[in-house]
Amino acid sequence: MNKTFVLSVGGSLVATPGPQVEFVKKVAEMLIRLKEKGILCHVVIGGGRPARDYIAAKRACAEGLNPDLTNAECDECGILATRMNAHLLLAALGKHARQSIPTDTTPDAVSPGLITVMGGTIPGQSTDAVSVKLARAIQCKNVINATNVPGVYEKDPRKNPGLPMLEKISHDQLIGIVGTTFTPGMCTVIDPIAAQILKEDAITCYVLDGSNLDNMEKCILGEGFHGTTIA
Ligand code: UTP
C-alpha cells in the first residue's frame with residue numbers, strides 16, 4: 001500500500017436515529033476504490049444516537065436504585081453501540097476488511113492489506129481519541145475526522161451561525177479551541193485527548209463534513225477539499 005489513513009466517522013452519520021444502510025454502503029464502496037488505488041483507510045466508527053440513548057437509559061435505570069453507577073459503567077454502553085455500527089461497515093466490506101473488531105489500539109489492530117474497522121476501546125474517551133491512538137500505534141500520520149459540521153470553528157457553528165470556518169490551524173490552536181479535559185457527553189469537534197496526541201505525534205488531521213463522500217474522497221486523494229487542516 002502506498003498510503004495509509006485512519007478515518008474517524010462520527011456515529012451521527014452512521015446511526016441517527018437508526019442504522020443508515022445506504023450511507024454505510026457508499027462508504028464501503030469508497031474505501032474499496034481507494035484500496036484498489038493503493039490507499040488503505042482504517043475506520044473508527046462512533047456510536048451516534050444509539051450510544052446516547054443507551055447511556056441515558058442506563059442512567060435512568062439506576063436512578064433511585066443504584067447511586068454507585070459510574071460514568072465509566074455508562075460508557076460501556078456507548079462502546080457497545082460503536083461496535084454495533086462497526087459491524088455494519090464490516091458487513092459491507094466483506095473480504096476487504098479484517099473480519100474481527102479490535103478492542104485495543106495496538107499495532108496488532110491492523111493486518112497487512114486489509115481494512116480495519118473498529119469502535120471504542122476503553123471508557124472515558126470518544127472514538128476521536130481511538131482513531132488518533134490507532135494512528136499513533138501504526139505510525140500513520142494522516143487522520144480524517146468525518147463529522148457533522150464542515151470543519152473547525154472558533155465556537156460551535158450550530159450555536160453561533162455566521163462564524164467563518166477555519167481552513168488551516170496549528171495543533172496548539174486546536175487545543176485552544178477544544179480544551180484539555182474530556183468530560184462525558186462533551187460536544188467539541190474533536191475530543192481533547194485526541195487533540196493532545198495529534199500534537200505530540202505531529203499527525204495531520206483533516207476535519208470535514210462526513211455526509212459529503214465526494215469531498216472526503218478528494219481529501220484522501222490529495223485533490224483539495226472543503227474542511228479544516230490541522231497541522
Ligand atoms: P462517540 O465517539 O460516538 O462519541 O462514542 P460522540 O462524542 O457521541 O460522537 P458522535 O456523536 O458519534 O460523533 C459514544 C460514547 O461511547 C463511549 C463514550 O461514552 C462516548 O460518549 N466511548 C466511546 C468510550 O467510553 N470509549 C471509547 O473508546 C469510545
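The structure under discussion appears in the preceding block.
First things first, this report covers the structure right here in the doc. A quick note: this is a predicted structure, and the numbers were derived from the prediction, not measured.

### Details of the pairing of strand β1 (residues 3-9)
Right, on to step 1. The element β1 is extensively covered by neighbouring structure, given that five of its seven residues are classed as buried.
Right, on to step 2. Note: β1 against strand β4 (residues 142-147), four bridges, orientation parallel. By the bridge assignment for β4, Leu7 is matched with Ile144.

### Quick word on the site of the ligand
Right, on to step 1. Close contacts around the ligand come from 21 residues, with Gly11, Gly47, Asp75, Ile122 and Thr127 the closest.
Right, on to step 2. Between the ligand and Ile122 there is a distance of 2.6 Å, counted from a nitrogen atom to a backbone nitrogen or oxygen.
Right, on to step 3. Relative to its unbound accessible surface of 580 Å², the ligand loses 85% to contact with the protein.
Right, on to step 4. Residue assignment for the shell around the ligand shows that the elements contributing at least two residues are α1 (11-14), α3 (48-62), α4 (71-93) and α5 (127-137).

### Re the nonpolar core
Looking at soluble globular proteins, one finds that nonpolar side chains tend to be buried together.
Right, on to step 1. In terms of nonpolar packing, the biggest core is built from 59 residues, with Leu7, Leu31, Leu89, Leu93, Ile144, Met216 and Ile220 touching the most fellow members.
Right, on to step 2. When near neighbours in sequence (up to four residues on either side) are disregarded, Ile220 contacts Phe5, Met30, Leu34, Ile39, Cys41 and Ile144.

### As for unusual backbone geometry
Right, on to step 1. Of note, the amide linkage connecting Thr16 to Pro17 takes the cis form, showing an omega dihedral of -5°.
Right, on to step 2. Here Pro17 lies in the loop between α1 and α2 (21-36).
Right, on to step 3. Positive phi, close to 55°, is recorded for Gln139, a residue that is not glycine.
Right, on to step 4. By secondary structure assignment, the location of Gln139 is in the loop between α5 and β4.
Right, on to step 5. Residue Ala202 is not a glycine yet carries a positive backbone phi of 50°.
Right, on to step 6. In this fold, Ala202 is placed in the loop between α7 (192-200) and β6 (204-209).

### A closer look at the sheet that holds strand β5 (residues 168-169)
Right, on to step 1. Overall, mixed pairing links the seven strands, which are arranged β3-β2-β1-β4-β6-β7-β5 in an open sheet. On the outer flanks of this sheet lie β3 (117-118) and β5, each paired with one strand and no other.

### A look at the pairing of β6
Put simply, side chains in a regular strand alternate between the two faces of the sheet.
Right, on to step 1. Burial analysis of β6 places five of its six residues in the buried class, the great majority of the element.
Right, on to step 2. Bridge analysis of β4 against β6 gives six bridges, and the strand direction is parallel. Looking at the pairing, Thr147 lines up with Asp209 of β6.
Right, on to step 3. In the sheet, β6 pairs with strand β7 (residues 228-230) via three bridges, with the strands oriented antiparallel. Bridge pairing in β7 links Val207 to Thr228.

Cut-offs used in this document
- Residues numbered from 1 in each chain as written.
- Predicted model: local features only at pLDDT ≥ 70, side-chain atom pairs only at ≥ 80, totals over all residues.
- Heavy atoms only, no water.
- Buried < 20%, exposed > 50% of the residue type's maximum accessible area, 1.4 Å probe, protein only.
- Helix = DSSP H or I, 4+ residues; strand = E, 2+ residues; numbered from the N terminus.
- Pairing = 2+ DSSP bridges.
- Near = heavy atom within 4 Å.
- Polar contact = N/O pair within 3.5 Å; in protein donor to acceptor, adjacent residues only side chain to side chain.
- Areas by Shrake-Rupley, 256 points an atom, 1.4 Å probe, with all protein chains shown as cover.
- Core = buried A, V, L, I, M, F, W, Y, C linked by side-chain atoms within 4.5 Å.
- Contact = heavy atoms within 4.5 Å.

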